[in-house]
Amino acid sequence: MVEIHVRHGQASAETGWGLTAEGKRQAKAAAKYLQTHFQQDFRVGIHSELRRAVETAHSLALPGIEWSTDMRMTEVDWRGHHEPREFGPWQGVYDRVAAACEDWDTNDTGSDRVVVSHGGTMRMVRAYREGLTGSRYPLMYEKPYKYFTNCQIVIYVKNVHPDTGAPDPGQLWVKSVCPWDEGQFGHDWMRVVR
């Protein structure tokens, strides 16, 4: 299984929370990264219902993909407050994102998938997939993951070694890159240790 999460490109109120010119450039960089590094056709595409995520998803120009909306991947609104760095305030968001991940895994048809959403929901995917809940949550803010920038890509590979393609039963690997500045946030593949 390959599951790719992409944060939406830059958006602003001036564009009705659609992509700005910079956001479109970021989405094109994400599209180029995916087309360069993944030869398979993605069939399953999921995005939040917000315009910036929908526009980013369609900007990826992945051939043959069928996009659907999953409301559980909607942006988190902290009402002007700083994003909390402890797990407690995230519990409700975590619950809905974890339910989405469980549904995707249960209904898995063997197709690789791409999910376009938001920084907060991507953090909760990480919390679920990597066991970063409770007292482990602060690890979310350590390098190499410290931030999720626009069009950040987080890639999960399960049961296959991502470098060799050899079977790797029961193992989950993760990699995070910023496609428009790969030196900024990118890192090598890491085995997830829960």
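This is a predicted model, so every value here is computed, not measured.

Description of the overall build of the protein chain
Right, on to step 1. In terms of helices and strands, the protein chain carries 5 helices and 7 strands.
Right, on to step 2. Its C-alpha atoms give the protein chain a radius of gyration of 16 Å, within 12% of the compact-globule value 16 Å for 194 residues.
Right, on to step 3. Overall size of the protein chain, expressed as C-alpha extent along the three principal axes, is 50 × 40 × 35 Å.
Right, on to step 4. Intrachain contacts of the protein chain at a sequence separation of at least 6 include 65% that bridge at least 24 residues.
Right, on to step 5. On the protein chain, the mean spot of the 23 positive side-chain charges and the mean spot of the 25 negative ones are 3 Å from each other.

Quick word on the pairing of strand β6 (residues 167-177)
Right, on to step 1. Here strand β5 (residues 153-160) pairs with β6 via 7 bridges, running antiparallel. Following the sheet pairing, Val157 is matched in β6 by Trp173.
Right, on to step 2. Across 2 bridges, β6 lies against strand β7 (residues 190-191) in antiparallel orientation. Residue pairing for β7: Trp173 is matched across the bridge by Arg191.

What about the nonpolar core?
Right, on to step 1. Grouped together as the largest cluster of nonpolar side chains are 28 residues, with contacts concentrated most on Met73, Trp90, Tyr94, Val97, Trp104, Met124 and Tyr137.
Right, on to step 2. The set of elements that each furnish at least two residues to this core consists of α3 (91-106), α4 (119-130), β5 and β6.
Right, on to step 3. Broken down by element, this core gets its largest block of residues, 7 residues, from α3.
Right, on to step 4. Discounting residues that sit within four places of it in the chain, Val97 has contacts with Arg72, Met73, Thr121, Met124 and Val125.

Cut-offs used in this document
- Residues numbered from 1 in each chain as written.
- Predicted model: local features only at pLDDT ≥ 70, side-chain atom pairs only at ≥ 80, totals over all residues.
- Heavy atoms only, no water.
- Helix = DSSP H or I, 4+ residues; strand = E, 2+ residues; numbered from the N terminus.
- Rg over C-alpha atoms; globule rule 2.2 N^0.38 Å.
- Contact = heavy atoms within 4.5 Å.
- Lys, Arg positive; Asp, Glu negative; His and termini not counted.
- Charge placed at Lys NZ, Arg CZ, Asp CG, Glu CD.
- Pairing = 2+ DSSP bridges.
- Core = buried A, V, L, I, M, F, W, Y, C linked by side-chain atoms within 4.5 Å.
- Buried < 20%, exposed > 50% of the residue type's maximum accessible area, 1.4 Å probe, protein only.

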